[in-house]
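Spelled out, the chains give:
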Amino acid sequence: MMKNYIDFFIPDSIREDADEYRRAFQLTTFSQLSLLFFIPNVIKWYKMGFTGLALSIFCVMICVSLIIPFVLKWAKSLNVMGNFIIAALVWHFSVLPAVTGGILSSSLVWNIVIPVFVATFLGFGSFLFWSAAMFLEIIVFLVLHLSGVSLGTITLTPSQVVQTQIANILGPFLTMVISLVFGNRGLKRALAAQKEAAEESRASQLEQEALMEKSDALAQKLASIFEQVSRHTEHLTENVMEK
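Residues numbered from 1 in each chain as written. Predicted model: local features only at pLDDT ≥ 70, side-chain atom pairs only at ≥ 80, totals over all residues. Heavy atoms only, no water.

Counting secondary structure elements, the protein chain contains nine helices and zero strands. Tracing the protein chain from N to C terminus, the helices and strands come up as α-α-α-α-α-α-α-α-α. The buried share among the 243 residues of the protein chain stands at 33%. Summing over all exposed atoms, the protein chain offers an accessible surface of approximately 15,100 Å²; the carbon and sulfur share of this is 68%. (Helix = DSSP H or I, 4+ residues; strand = E, 2+ residues; numbered from the N terminus. Buried < 20%, exposed > 50% of the residue type's maximum accessible area, 1.4 Å probe, protein only. Areas by Shrake-Rupley, 256 points an atom, 1.4 Å probe, with all protein chains shown as cover.)

Let us now look at the packing of aromatic side chains. Applying the stated criterion across every chain yields a total of twelve aromatic pairs. Judged by centre distance (5.1 Å) and plane angle (80 degrees), the ring pair of phenylalanine 8 and phenylalanine 9 falls under edge-to-face. Exposure remark for phenylalanine 8: the relative accessible area of 48% places this residue in the partly exposed category. Between phenylalanine 70 and tryptophan 74, the aromatic rings sit 5.5 Å apart at their centres with planes inclined by 35 degrees, giving tilted as the arrangement. Remark: tryptophan 74 and phenylalanine 70 occur in helix α5 (residues 51–75); sequence separation between them is four residues, near one turn of the helix. Under the relative-accessibility criterion, phenylalanine 70 is labelled partly exposed at 32%. Members of the aromatic cluster, each reached through a chain of ring pairs, are Tyr5, Phe8, Phe9, Phe70 and Trp74. (Phe/Tyr/Trp six-rings, centres within 6.5 Å; stacked < 30°, edge-to-face > 60°.)

The next subject is helix α7 (residues 110–121). If you check α7, its first and last C-alpha atoms are 17 Å apart, about what twelve residues at 1.5 Å a residue would give, namely 16 Å. In terms of burial, α7 is largely enclosed, as nine of its twelve residues are buried. (Expected span 1.5 Å × (residues − 1).)

What follows deals with the nonpolar core. Formed by 38 residues in total, the largest nonpolar core has its most connected members in Ile85, Ile86, Leu89 and Ile114. Elements that contribute at least two residues to this core include exactly α3 (18–33), α4 (35–47), α5, α6 (78–98), α7 and α8 (124–146). Here the element with the most residues in this core is α6; it accounts for nine residues. With sequence-adjacent residues up to four places away left out, isoleucine 114 is seen in contact with Ile86, Leu89, Val90, Phe93 and Met134. (Core = buried A, V, L, I, M, F, W, Y, C linked by side-chain atoms within 4.5 Å. Contact = heavy atoms within 4.5 Å.)

With that settled, the discussion passes to the environment of leucine 146. Turning to its location among the elements, leucine 146 is positioned in helix α8. It is 9.7 Å that separates the C-alpha atoms of leucine 146 and isoleucine 103, two residues lying 43 residues apart in sequence.

Turning to the packing of α3 against α6, a few remarks are in order. Viewed as axis vectors pointing N to C, α3 and α6 meet at an angle of 30 degrees, and their least axial separation amounts to 11 Å. In terms of axis orientation, α3 runs roughly parallel to α6. For the pair α3 and α6, the crossing hand works out as left-handed. Residue-level inspection shows Glu20, Arg23, Ala24, Leu27 and Thr28 of α3 in contact with α6, the latter providing Leu78, Met81, Gly82 and Ile85. (Axes fitted to C-alpha atoms, helices over the stretch in contact; angles between N-to-C directions. Parallel < 35°, antiparallel > 145°, perpendicular 65-115°, else oblique. Left-handed = near helix turned anticlockwise from the far one by under 90°.)

Among covalent bonds in proteins, the disulfide is the one between the sulfur atoms of two cysteines. All chains considered together, the criterion is met by zero disulfides. In this model cysteine 59 remains outside any disulfide bridge; the closest cysteine sulfur is found in cysteine 63, 6.9 Å from its own. For cysteine 63, a relative accessible area of 23% gives the class partly exposed. (Disulfide = S-S within 2.5 Å.)

Glancing now at the side chain of threonine 28. Turning to its location among the elements, threonine 28 is positioned in helix α3. Take threonine 28: its relative accessible area is 1%, and that puts it in the buried class. With residues near it in sequence (within four places) discarded, threonine 28 still touches Ile6, Phe9, Leu72 and Met81.

As far as function goes, none of this settles anything; it's purely spatial.
Here it is as structure tokens:
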């Protein structure tokens, strides 16, 4: 049932390419499972009294979990869908450190996770672009810190600090694990497909060699027959001429 639900959003043009279909399926599945991450964080920030952060991550949740699948269905492009997701995530994980200490914020760890996520689903070109964007963000926060610019901070109780640190460790860790698992599965499927194609090519080559051997044998047999027929014809012609 879940597969049918995910397949509803994947256009036929994407299904024609096995690797692109796999990545689209995994990315759409990830967008739906992301509710398990977004909802607790929305509740956490709201209960802590930071409605701005709660609203920010709520908007990202709506974009990633609800709007993104329809973007894939309408745009018929994995790259458009994927970069839309990354843009939404980058927005929140730029706002979050900006109000929680800048370069000193533990949420900057997401700047490492996002490029890994991009590399898994979107390819090398998008990986370079978003890696550069994340690196630039870190540089900006570092320059602001060295310049003495004071960014916003939030006051947390000791228990809230622990909760926030756990979220900023477990969230990126789980995201990287999921990305690597999906990437590993994709690599295994690609290698299996490549191996299957190589085996088919080898089988085809062996079949062609066998046909060539049969053709050569048939040609030699026909040549032998023609030679015999020629000799018999010459012999018959000589007999006829003598008579």
